Amino acid sequence: MDSMKILIVDDNADIRLGMHLRLKASQYETFFAADALSGVAEARKHRPDLIILDLGLPAGDGFTVMERLKQVPFLAVIPVIVVSARDGLANQKRALDAGARAFLQKPVNDAELLAVIRQALGVPARRERPECYDLGSV
Amino acid sequence: MTKPTRSTSELPAYLSHELRNALACIQQFGSILVDGLAGELSGEQREFVGIMLENASKIRRVLDSTLDGTESSPEERAIRNKRVSKLET
């Protein structure tokens, strides 16, 4: 079975790398974008099964990305999980109203993130493989 | 990181955001090490990373209790405080 594809949209390169390592160990294939514009472009290009989206981004923000995704039918159906360092009280409801499946405030517990991803994808738990060092494209 | 030129009212939200991003990296890479995703650690190495992670959690709890809600409106904060006081009674 092909790996499920996850697009990580976050302007922090360290966060992208950490998520890549964690998700790859759970056998997900990852793609990356560091700003709002390329987030939408990468979603069009790779058609991921799920998007992990930061809110504070250059060239727009996470809400702009969700708005643009909603305008394209094949992108509108992709589940989005917002992972942000922004205040949950001020942003959680807004993110969910904008169409996000979940809002997680950084720092995120890995087990919680993986559980939310599995729930959004409707897949059972995967076993982690502790051997992955492909850092090239992060 | 750019030097903040923010008003006093914006500073807590700025601090919360920046500290949460830094903590997210510490927690993320600490758990990657503990879980052996970057190679197996010795018992002592695992213990030391565990101490780092415990202290990162402490900082998170401080953030949650002091700076969370700083981007929200006075009305939203009032609702949260009401919920908290309800839980405490």
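Residues numbered from 1 in each chain as written. Chains lettered and ligands numbered in written order. Predicted model: local features only at pLDDT ≥ 70, side-chain atom pairs only at ≥ 80, totals over all residues. Heavy atoms only, no water.

1. Some points on the sheet that holds strand 4 (residues 80-84) of chain A
Residue and element names in this part refer to chain A. Operational definition: When DSSP finds two or more bridges between two strands, those strands count as paired. Strands are runs of DSSP state E lasting at least two residues, helices are runs of H or I lasting at least four, and both sets are numbered from the N terminus onward. Note on definitions: angles span 0 to 180 degrees between N-to-C directions of axes, and those axes are lines fitted to C-alpha atoms, for helices only across the stretch in contact.
Here we have five strands laid out as an open sheet, ordered 2-1-3-4-5, and parallel in their pairing. Taken across any chain shown, the strands that pair with only one partner, and hence form the sheet edges, are strand 2 (29-33) and strand 5 (102-105). When strand polarity is set aside, the average angle formed by the axes of neighbouring strands in this sheet is 20 degrees. Note that strand 3 (residues 50-53) and strand 4 share three bridges and pair parallel. Paired with Leu53 across the strands is Val82, a residue of strand 4.

2. Regarding the packing of helix 1 (residues 13-25) of chain A against helix 6 (residues 110-121) of chain A
Residue and element names in this part refer to chain A. How we decide: Crossing handedness: left-handed means the near helix sits turned counterclockwise from the far one by under a right angle, and right-handed means the same turn made clockwise. Residues are treated as being in contact if the distance between any of their heavy atoms lies within 4.5 Å. Classification used: nonpolar for Ala, Val, Leu, Ile, Met, Phe, Trp, Tyr, Cys and Pro, charged for Asp, Glu, Lys and Arg, polar for all others including Gly.
It is at 11 Å that the axes of helix 1 and helix 6 come closest, and there the two elements cross at 65 degrees. Considering the relative orientation of helix 1 and helix 6, their crossing is right-handed. Contact with helix 1, carried on its side by Met19, Arg22 and Leu23, involves Asp110, Leu113, Leu114 and Ile117 of helix 6 and no other residues of that element. Split into classes, the residues belonging to the contact of helix 1 with helix 6 amount to five nonpolar, no polar and two charged.

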